[in-house]
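Summary of structural features
Residues per chain are reported as follows:
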Amino acid sequence: MDAKADEKLQVLETKQCEVCQKPAIHRCGGCRRVCYCSKQHQQDHWEQHKNVCRSYKICQNDDHSRHVVATRSLTPGEFILLEPPLIWGPSFNTVPICLGCGKAVNGENSRPCNKCGWPVCSTLCEKSPSHLPECRYTIQRGERVHIKKFGVPQPIYRCITILRCLYHKQFLPRSWKKLEKLLSSLGNHTSTVTSENEKQTIAEFIRRFFKVWAIFSMEDVMKVCEMVMINSHEVRLTDPPFIAIYSTTSMIEHNCRPNCTKSFTNLGQILITAAVPIQEGDNLSISYTDPLSGTQSRRYFLHETKFFWCRCERCEDPTELGTNFSALKCQSPDCDGYLLPKTFTDVQTLPDWICNICSRCVSSYSAHDVLERIEHDLYDLDKANVEECKHFLRTYESYLHENHFYFAGVEYIFCQLLGKSGVQLLSDEDLELKFHYCCHLESLLKVLAPAEKCILGTVLFEKFSSIMEIRRRKGSQELKNNHEECRAILHEVTELLKNEPDCLPEGKIYQKARAYLSNEVLMENENIDEN
Ligand SMILES: C[S@@+](CC[C@H](N)C(=O)[O-])C[C@H]1O[C@@H](n2cnc3c(N)ncnc32)[C@H](O)[C@@H]1O
């Protein structure tokens, strides 16, 4: 995160009164988005403001697990909440980054901080309030840090986000209170053996390396570790992404087909909006995992990192809402069926996979064996190589259902790769292929993951560029005929990507889509330059 942005987040903007536009001093406690010059003006405005004020409340189950419920109906795209991070820091597996701004550092674009030795990229970053905790604890330790290897993951960065939380506990009691609230739910689940070992290793390291045995007990550090694991969000604003913890967002439950979308502003704030129509009383949900992975992978990831077995509607239905996103093709002669287990949620018995047409049974182990071999190939696949992607898609079409998530992942890369240097350079066959995969992904995403607006917006923009080029090749009359269809796609793209910041590829696509929309002549007469 930008060190300047970091400073800006500390300051609340001065606002005008919603009623009289005079300088305002009261902020609406519900949504914290509008201000008033007096209590009277706030009361006068309530009748109108209540329809757009805070649209959620935090509730608690019998087991003390908190969740967020809509207090009125919401339409897709509607604002729900915007909040700055309580804490941000490096992700658990990262190459060396500047601890002031989060960007990757190497021997050339950084220097050691004068006080502690952690690499920073500028004086501004060296002085950033974000960097203060590890700087202070390193000075206290009495020995500077020396990072010598860049560009490869450095485990020492694992401790930073946790150390930043501990710094709040020791020195900033007011902001610690908000973090402490997140610790209170930790008794609601049992963490896994792997994560227990990880927490223990990190906690032992922090106490020994920073010599803070007397200040923080093992239990203190391990609890903070778990809180960071459960509540942190990956923020893609820098390369590599950093992680951040948000207060209210941490109360929102997980769903593999969530009803809310999360985006990040270029200041690192999280923005939650409705992804689909939401009714009053519905639980709000976001996805803690990659919705474009299959049920077994998602559930395993959630269990290992967030310590619960998901039982959402998508997980309970082996066909994943009729898409067969995890299905294998049946290998019986002349059978067009596909194989799936009766359930993915029985982790004890691992049921056989059964063909929907010929009822052939395959053990869970055999099914996994096939999937593991394909996954191996997928891992080795050069994802910047058109021919390799094509080969992968062709090779496995007799093993995987056409909607399989391995295919969806490759198709997403492939449809962006085709025409990267200009759609006009594509052969007719490749252009059709690009269009075909865009349409296929669009239909899958709309069923399985309508909240994944970045992916859907990107796919739709690729679809738009292929339609324009196909029509151009067919002649100008065709272009005119499809003008409305193209405008409708562009409108959808801008609606989906309107909250994405300029620094992200999706923010750039949003700008391009808007530019095309504002220049109808170009749309009618010219081809699309994707660069
Ligand atoms: C980010 S917190 C959500 C707030 C938490 N319920 C609380 O009371 O603080 C994530 C934790 O909530 C629980 N949780 C969230 N979504 C869930 C779901 N769909 N099913 C079961 N547990 C879930 C899990 O214990 C998970 O580790």
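Owing to the predicted nature of the structure, the values given are computational and were not obtained by experimental measurement. (Residues numbered from 1 in each chain as written. Predicted model: local features only at pLDDT ≥ 70, side-chain atom pairs only at ≥ 80, totals over all residues. Heavy atoms only, no water.)

A word on the site of the ligand
Put simply, the test is: By convention in this text, a residue qualifies as near a molecule or strand provided that one of its non-hydrogen atoms is within 4 Å of it. Polar contact criterion, stated in full: a pair of N or O atoms within 3.5 Å, where within protein one must be able to donate a hydrogen and the other to accept it, and residues adjacent in sequence count only if both atoms are side-chain atoms. What sets the accessible areas is the Shrake-Rupley method with a 1.4 Å probe; for residues, cover comes only from the shown protein chains. Numbering goes from the N terminus for both helices and strands, where a helix is a DSSP run of H or I of at least four residues and a strand is a run of E of at least two. Under the scheme applied here, ten amino acids are nonpolar (Ala, Val, Leu, Ile, Met, Phe, Trp, Tyr, Cys and Pro), four are charged (Asp, Glu, Lys and Arg), and all others, including Gly, are polar.
The full set close to the ligand counts 14 residues, and Ser-65, Arg-66, Ser-250, His-254 and Lys-306 are the nearest of them. Within the backbone of Arg-66, one N or O atom sits 2.7 Å away from an oxygen atom of the ligand. Lys-306 is positioned with one of its backbone polar atoms (N or O) 2.6 Å from an oxygen atom of the ligand. A total of 570 Å² of accessible area belongs to the ligand in isolation, and the protein chains cover 83% of it. Secondary-structure elements contributing two or more residues to the shell around the ligand are helix H8 (218–231) and strand E11 (253–254). Broken down by class, the residue content of the shell around the ligand amounts to four nonpolar, seven polar and three charged.

Quick look at the UniProt feature "domain: MYND-type" (unreviewed entry) in the protein
Convention followed: UniProt positions are given in the numbering used here, feature names are shortened, and annotations may be inferred rather than shown by experiment.
Summarizing the sequence annotation, UniProt attributes the feature "domain: MYND-type" (unreviewed entry) to residues 17–53 in the numbering used throughout. Structurally, residues 17–53 is divided into 30% helix and 11% strand, and its ends, taken at the C-alpha atoms, are 15 Å apart.

Some thoughts on the nonpolar core
Test applied: We define the nonpolar core as a collection of buried residues of types Ala, Val, Leu, Ile, Met, Phe, Trp, Tyr and Cys that are connected through side-chain atoms lying within 4.5 Å of one another. The cut-offs for exposure are 20% and 50% of the maximum accessible area for each residue type, with area from a 1.4 Å probe on protein chains only; residues under the lower value are buried, those over the upper are exposed, and the others partly exposed. Each domain's extent was defined by an automatic or database domain assignment. Residue contacts follow a heavy-atom distance rule, with two residues in contact if any of their heavy atoms lie within 4.5 Å.
Counting residues in each nonpolar core, the largest one holds 72 residues, and the members touching the most others are Trp-118, Ile-162 and Ile-206. Among the elements that line this core, the one with the most residues is H8, at eight residues. Residues from two domains meet in this core; each of domain 2 (56–84 + 249–286) and domain 3 (87–245) gives at least three. Filtering out sequence-adjacent residues up to four positions away, Ile-206 remains in contact with Cys-159, Ile-162, Leu-163, Leu-166, Lys-211, Val-212 and Val-221. Grouped together as the second largest cluster of nonpolar side chains are 62 residues, Trp-353, Tyr-412, Val-493 and Ile-509 included.

Notes on the sheet that holds strand E17 (residues 353–355)
Strand pairing in a sheet is mediated by backbone hydrogen bonds. Such pairs are either parallel or antiparallel. As a reminder of what qualifies: Two strands form a pair only when DSSP identifies at least two bridges running between them.
With respect to topology, four strands assemble into an open sheet ordered E15-E16-E17-E18, the strand pairing being antiparallel. Of all the strands in the sheet, the pair left with one neighbour each is strand E15 (328–329) and strand E18 (361–362). Relative to E17, strand E16 (residues 338–341) is paired through three bridges, and the arrangement is antiparallel. The residue of E17 that forms the bridge with Leu-340 is Ile-354.

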